[in-house]
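# Results of the structural survey
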Amino acid sequence: MLRLLATIRKEWQLLVRDKTGLTLLFVMPVVLITVMALIQDAPFKDYQEVKFDILTVDNDHGRLGRSIREGLEVGGQFRIIDSLDGQPLTTEKARQLVNDGTYKISIIIPSGATGSIVSNANRIVNDISHRMGMTLALPVKKGSDSLNVVVYFDPAAKKAFKGAIHQAIDNFLTQVETDMLLGRIRQELRSKDTTVTAASDTLPIKLQAVGLKEESTGTGQQIDVISNSVQHNVPAWSIFAMFFIVIPIAGNMIREREDGSLLRMKLIPGSYLEILAGKMLFFVGICVVQFYCMMLVGIYIMPLLDLPRLVMGRDAGATLLVASAIGLAATSYGILIGTLFKTPNQALNFGAISIVILSAIGGIWIPLEIMPMKMQVVGRLSPLSWGLDAINDIYLRNGNIAYVWKNVLRLMLTGLTMLAIAGYVEKRRMN
């Protein structure tokens with residue numbers, strides 16, 4: 001225990017002496033996330049031309065469902081999925097898959113939707129026939145219950161993406177209802193030996209028998225959060241900044257070897273793992289403090305710049321757990337680099353470049369889903385991607401520990417593995 005406390009005290013004294021490094025550790029990420037949020041605010045609102053899988057639950061099995069499917073497929077931007085593992089999709093299954101982020105969008109076509117459209121068309125045809133002096137009574141459904149095609153979006157989906165899809169589906173609904181109405185009118189007029197002109201084909205009539213409604217994928221107790229530049233950039237660049245703890249850790253370890261302080265610590269009876277544990281506890285704590293400082297920037301400073309306010313979700317415990325796991329992985333990476341490399345220049349150059357690469361492929365710079373498929377596969381292997389996914393699960397999907405435990409476990413196992421490798425290498429170096 002004495003070695004543990006002494007190591008923590010030593011690391012604190014080293015960090016405090018390095019005024020420039022301590023300043024950069026906190027000022028650099030503040031400037032970084034502020035600038036990135038400002039310059040990416042407008043591009044983040046643009047709809048990306050990317051092909052997505054779209055879950056479709058057709059409870060109607062009529063013309064409306066077929067028209068929506070055909071319209072989405074013709075555009076070439078969507079792959080229609082109506083079954084998984086050989087089983088037809090259900091509304092609840094589709095909602096859950098979208099809420100978890102497995103799929104980006106789902107459309108639920110209610111039962112009786114086509115019938116409702118036909119009934120409204122018949123009602124209008126009956127009214128037109130009556131005004132023309134014709135005796136016509138097409139069947140009309142009793143009651144005025146309105147039906148809506150329900151759209152579920154991934155809580156992390158961008159607002160522009162939601163707007164584009166919403167508009168496209170609304171256009172399909174309007175066209176289908178208008179076509180049915182015109183078809184009924186032409187059919188009945190022809191049956192009465194009445195001339196139908198070409199103008200009938202462009203009759204400006206629109207129905208609202210079946211509306212379009214976007215619903216939340218979560219429960220009523222959850223926070224409604226819209227993905228925007230702040231919700232992406234503040235957590236993403238905070239994770240990026242946390243991994244830059246590699247630089248002071250690696251630099252300190254190499255200096256300890258060069259000035260002999262590490263050798264003196266090893267001469268104290270005990271395990272070298274206690275020294276590593278002391279470093280881990282100290283720098284993980286620094287990472288967590290750094291993370292929450294960046295969150296405060298998103299909450300209080302971003303609104304002053306006319307940017308949206310950061311929303312941190314409902315589960316503070318899950319956020320702390322994820323931040324600690326990210327700090328563990330980042331600190332372990334720094335210890336590994338400081339152990340493997342012999343000079344500060346080698347360690348710092350490799351550390352900085354590797355972090356930029358891991359962040360670029362891990363979804364920090366741009367969302368993974370708009371990258372090529374091969375890059376998405378590679379990006380999923382980045383610890384920064386695991387950390388960002390976990391934060392998005394909490395902030396955007398209102399998740400809790402049950403949502404993030406897999407990514408937390410990946411981060412912790414990765415950190416412990418790197419720590420074990422560093423310990424093994426250092427022991428081999430001593431022999």
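Residues numbered from 1 in each chain as written. Predicted model: local features only at pLDDT ≥ 70, side-chain atom pairs only at ≥ 80, totals over all residues. Heavy atoms only, no water.

### Things to note about the overall build of the protein chain
Scanning the protein chain from N- to C-terminus turns up 15 helices and seven strands. When burial is assessed residue by residue, the protein chain has 48% of its 431 residues classed as buried. For the protein chain, contacts bridging at least 24 residues in sequence account for 82% of all contacts bridging at least 6. With an accessible surface of roughly 21,200 Å², the protein chain has 60% of that area assigned to carbon and sulfur atoms. (Helix = DSSP H or I, 4+ residues; strand = E, 2+ residues; numbered from the N terminus. Buried < 20%, exposed > 50% of the residue type's maximum accessible area, 1.4 Å probe, protein only. Contact = heavy atoms within 4.5 Å. Areas by Shrake-Rupley, 256 points an atom, 1.4 Å probe, with all protein chains shown as cover.)

### Section: the environment of Ile335
Here Ile335 lies in helix α11 (residues 316-340). Given a relative accessible area of 0%, Ile335 falls into the buried group. In sequence terms Ile335 and Ile421 are 86 residues apart; their C-alpha atoms lie 9.7 Å from each other. Residues contacting Ile335, with those up to four places away along its chain left out, are Ile249, Met253, Leu276, Lys279, Met280, Leu419 and Ala422.

### Side note on the packing of helix α8 (residues 246-259) against α11
For the pair α8 and α11, the least separation of the axes is 8 Å and the interaxial angle reads 35 degrees. When you trace α8 past α11, the crossing you get is right-handed. Contacts between α8 and α11 pair Val246, Ile249, Ala250, Met253, Ile254 and Arg257 from the former with Ala330, Thr331, Tyr333, Gly334, Ile335, Ile337, Gly338 and Thr339 from the latter. Across the contact of α8 with α11, the residue classes break down as nine nonpolar, four polar and one charged. (Axes fitted to C-alpha atoms, helices over the stretch in contact; angles between N-to-C directions. Left-handed = near helix turned anticlockwise from the far one by under 90°. Nonpolar A, V, L, I, M, F, W, Y, C, P; charged D, E, K, R; others polar.)

### Overview of helix α12 (residues 344-361)
Along an α-helix, residues three or four apart share an orientation, since each turn contains 3.6 residues. Helix length check: α12 (18 residues) gives 26 Å between terminal C-alpha atoms against 26 Å at 1.5 Å per residue, within 8%. Of the residues making up α12, those classed as buried are Ala347, Gly351, Ser354, Ile355, Ser359 and Ile361. Down the axis of α12, the buried side of the element spans an arc of 160 degrees, and every buried residue falls inside it. Opposite the packed face of α12, turned more than 90 degrees from it, sit the exposed residues Asn345 and Ile353. Packed against the buried residues of α12 are α7 (229-243), α8, α11, α13 (373-379) and α14 (383-395). Directly after α12, the chain includes Gly363, whose backbone phi takes a positive value near 90 degrees. (Expected span 1.5 Å × (residues − 1). Arc of directions from axis to C-beta.)

### Thoughts on the UniProt feature "transmembrane region" (unreviewed entry) in the protein chain
Mapped onto this numbering, the UniProt entry gives "transmembrane region" (unreviewed entry) at residues 21-39, 234-254, 275-301, 321-341, 348-368 and 408-425. In the segment residues 234-254, helix accounts for 90% and strand for 0%; the C-alpha atoms at its two ends are 32 Å apart. In the segment residues 408-425, helix accounts for 100% and strand for 0%; the C-alpha atoms at its two ends are 26 Å apart. (UniProt positions renumbered as here; feature names shortened; annotations may be inferred.)

### Quick look at the pairing of strand β1 (residues 52-58)
The two faces of the sheet receive side chains in turn, since in a regular strand these alternate between them. Across the seven residues that make up β1, a large majority, six, are buried. In this structure, β1 lies alongside strand β2 (residues 78-81), joined through four bridges in parallel fashion. Across the sheet, Asp53 pairs through a bridge with Arg79, a residue of β2. Of the strand pairs in this sheet, β1 and strand β5 (residues 105-109) are connected by five bridges, and their pairing is parallel. Looking at the pairing, Asp58 lines up with Ile109 of β5. (Pairing = 2+ DSSP bridges.)

### A closer look at the side chain of Gln231
Note on placement: Gln231 falls in helix α7. Residue classification places Gln231 among the buried residues on the basis of a relative accessible area of 2%. Of note is the side chain of Gln231, whose polar atom sits 2.6 Å from the backbone nitrogen of Val311. (Polar contact = N/O pair within 3.5 Å; in protein donor to acceptor, adjacent residues only side chain to side chain.)

### Digging into α7
Here α7 is 15 residues long and its end C-alpha atoms lie 21 Å apart, about the 21 Å a rise of 1.5 Å per residue gives. Taking burial as the measure, the 15 residues of α7 include 15 buried ones, the bulk of the element.

### Some details on the pattern of salt bridges
Counting across every chain of the model gives eleven salt bridges. The shortest N-O distance in the salt bridge between Glu92 and Arg95 comes to 2.8 Å. With Glu92 and Arg95 both in helix α4 (residues 91-99) and three residues apart, the pair spans about one turn of that helix. One connected set of salt bridges, linked through shared partners, spans Lys10, Glu11, Glu256 and Lys279. (Salt bridge = Lys/Arg side-chain N within 4 Å of Asp/Glu carboxyl O.)

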